[in-house]
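As a plain string of letters, each chain reads:
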Amino acid sequence: MSSRFPVFTARYGRRALIRKLPACFGVLPLLAAGPAAAREIRLMMLGDSITAGYGLPRGQALPVRLEAALRERGRTVRVLDAGVSGDTTAGGRARLDWALAERPDAVIVALGGNDGLRGLAPAATQANLAAILDALAARRLPAMLAGMLAPPNLGADYGRDFAATFTRLAEARPEVVFYPFLLDGVAGDPALNQPDRIHPNEAGVAELVRRMLPAVESLLGRVPSG
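Here the structure is a predicted model, which is why all the values come from computation and not from measurement.

Focus: the overall build of the chain
Part 1 of the argument: When you go through the chain residue by residue, the secondary structure sums to nine helices and five strands.
Part 2 of the argument: Expressed as a percentage of its 226 residues, the buried residues of the chain come to 45%.
Part 3 of the argument: Counting only contacts in the chain whose residues sit at least 6 apart along the sequence, the fraction spanning at least 24 positions is 76%.
Part 4 of the argument: Carbon and sulfur atoms provide 58% of the accessible area of the chain, an area that totals close to 12,500 Å².

Set out below in structure tokens:
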């Protein structure tokens, strides 16, 4: 019996191995593939010349720098540049459907600067931004609203009314991430702006990104996974 036992064991082992081979080969591709890569989030910036990178070298626009900063923090994000120089809130509202053809997962609304520069009625600015935010909500797209201030030469009353359009919109839509002033820490500083004192230079864009990151990451946290 002892002489047959090794033979029996060898035969049994070979048969078991043959039966298990298909399962083993099925697992191998999964092991080779490794963990699934994180889904890339498409974040759109709907804005004007500040978004479009007016006056800046190629690759230094706000969306590009913001994407680089997010990726440095381990986030797989593609920031889509939907900035048009000179655009008002009315222009952004008119081209919203076209912009959304890029299929973003979330949107930063960074419009209003040109409304203020032109002295447009704050009520019209508010109506346009409300329509944009409502359209994003209807599509279940998480949104961030970046506020803007009017230039001081238009008077204190206009400045207060203009700034209030953004706060009123944010208060009425708690689901929207609110960043009170797009140019926070940069506006009015000659060292951070181009000679026109309106558009940020490269150092100014870096400061915008640094200050915006917490709000942007809060927005990304509202993007559904999967």
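From this point, things continue past the structure.
Let's talk about the layout of surface pockets
Part 1 of the argument: As a volume, the largest pocket reaches approximately 300 Å³.
Part 2 of the argument: Lining the largest pocket are 18 residues, with Leu 117, Met 148, Leu 149, Leu 183 and Ile 198 sitting closest to its centre.
Part 3 of the argument: Elements with a minimum of two residues in the lining of the largest pocket: helix H2 (49-52) and helix H6 (113-117).
Part 4 of the argument: Per-element accounting of the lining of the largest pocket gives the leading share, three residues, to H6.
Part 5 of the argument: In the lining of the largest pocket, the residues fall into 10 nonpolar, six polar and two charged.

Re the pairing of strand S3 (residues 106-110)
Part 1 of the argument: The buried count for S3 comes to five of five residues, which makes it a mostly enclosed element.
Part 2 of the argument: On S3, burial covers both faces: Ala 106, Ile 108 and Ala 110 on one face and Val 107 and Val 109 on the other are all buried.
Part 3 of the argument: As judged from the five bridges shared by strand S1 (residues 41-47) and S3, these two strands associate in the parallel manner. When the bridges of S3 are listed, Leu 46 appears paired with Val 109.
Part 4 of the argument: Where S3 meets strand S4 (residues 143-146), three bridges bridge the pair, whose relative direction is parallel. Bridging from a neighbouring strand, Val 109 pairs with Leu 145 of S4.

What to know about unusual backbone geometry
Part 1 of the argument: Even without being glycine, Arg 103 reaches a positive phi, approximately 55°.
Part 2 of the argument: Here Arg 103 is to be found in the loop between helix H5 (96-100) and S3.
Part 3 of the argument: Judged by relative accessible area, Arg 103 falls into the exposed class, the value being 68%.
Part 4 of the argument: Backbone geometry at Arg 197 places phi at a positive 60°, although glycine is not the residue there.
Part 5 of the argument: Here Arg 197 is to be found in the loop between strand S5 (177-179) and helix H9 (202-220).

With respect to the packing of helix H3 (residues 62-72) against H9
Part 1 of the argument: Where H3 contacts H9, the axes come no closer than 9 Å and their chain directions differ by 60°. The orientation of H3 relative to H9 falls into the category oblique. In this structure, H3 crosses over H9, and the sense of that crossing is right-handed. Each of Leu 62, Arg 65, Leu 66, Ala 69 and Leu 70 in H3 lies in contact with H9, whose residues at this interface are Glu 202, Val 205, Ala 206, Leu 208, Val 209, Met 212, Leu 213, Val 216, Glu 217 and Leu 220.
Part 2 of the argument: Here the residues of the contact of H3 with H9 are counted per class, giving 12 nonpolar, no polar and three charged.

Details of the pattern of salt bridges
Two side chains with opposite charge may pair up if their charged atoms get near one another.
Part 1 of the argument: For the coordinates displayed, the defined rule picks out 15 salt bridges.
Part 2 of the argument: A salt bridge links Glu 40 to Arg 71; its shortest N-O distance comes to 3.0 Å. Of this pair, Glu 40 sits in the loop between helix H1 (5-33) and S1 while Arg 71 is found in helix H3, placing the two residues 31 residues apart along the sequence.

Observations concerning H9
Part 1 of the argument: Considering bend angle alone, the principal kink of H9 is centred on Leu 213 and spans about 50°; proline Pro 214 follows within four residues of it.
Part 2 of the argument: Within H9 the residues assigned to the buried category are Gly 204, Val 205, Glu 207, Leu 208, Val 209, Met 212, Leu 213, Ala 215, Val 216, Glu 217, Leu 219 and Leu 220.

Thoughts on the side chain of Gln 60
Part 1 of the argument: Position of Gln 60 among the secondary structure elements: in the loop between H2 and H3.
Part 2 of the argument: Of the polar contacts made by the side chain of Gln 60, one reaches the side chain of Arg 65; its length is 2.6 Å.
Part 3 of the argument: Setting aside chain neighbours within four positions, we find Gln 60 in contact with Arg 65, Glu 202 and Val 205.

Conventions adopted
- Here, residues in each chain are numbered from 1, in the same order as that chain's written sequence.
- Confidence filtering applies because this is a predicted model: local features only for residues at pLDDT of at least 70, side-chain atom pairs given and counted only at 80 or more, and all residues used for totals across whole chains, interfaces and linings.
- To get the side-chain values, all heavy atoms of the structure are used, and hydrogens and water are removed first.
- The helix count covers DSSP runs of H or I at least four residues long, the strand count covers runs of E at least two residues long, and both are numbered beginning at the N terminus.
- Relative accessibility thresholds used throughout: buried, under 20% of the residue-type maximum; exposed, over 50%; partly exposed, between the two (1.4 Å probe, protein chains only).
- Residue contacts follow a heavy-atom distance rule, with two residues in contact if any of their heavy atoms lie within 4.5 Å.
- Where accessible areas are quoted, they stem from the Shrake-Rupley method and a 1.4 Å probe; at the residue level, only the protein chains shown are allowed to cover.
- Any residue with an atom within 4 Å of a point lines the site, the site being either a cavity, points on a 1 Å grid over the protein atoms alone where a 1.4 Å probe fits but cannot get out, or a pocket, an open set with protein on both sides within 12 Å along at least 5 of 7 lines.
- Grid points are joined across faces, edges and corners, and a volume is the space filled by probe spheres set on the points.
- Amino acid classes used here: Ala, Val, Leu, Ile, Met, Phe, Trp, Tyr, Cys and Pro are nonpolar; Asp, Glu, Lys and Arg are charged; the rest, including Gly, are polar.
- Only when DSSP finds a minimum of two bridges between them are two strands counted as paired.
- Between N-to-C directions, angles cover 0 to 180 degrees, with each direction set by a line fitted to C-alpha atoms, over the stretch in contact for helices.
- Note on angle classes: values under 35 degrees are labelled roughly parallel, values over 145 roughly antiparallel, values of 65 to 115 roughly perpendicular, and the remainder oblique.
- The crossing is said to be left-handed when, going from far helix to near helix, the turn is anticlockwise and less than a right angle, and right-handed when the turn is clockwise.
- Salt bridges are identified by distance alone: a Lys or Arg side-chain nitrogen within 4 Å of an Asp or Glu carboxyl oxygen.
- By definition, a residue's bend is the angle between the axes fitted to the seven residues ending there and the seven starting there.
- Definition of a polar contact: a pair of N or O atoms within 3.5 Å, with one able to donate and the other able to accept a hydrogen when the atoms are protein atoms, and with sequence-neighbouring residues admitted only if both atoms are side-chain atoms.

The quantities given are spatial measurements derived from coordinates; they are silent on function.
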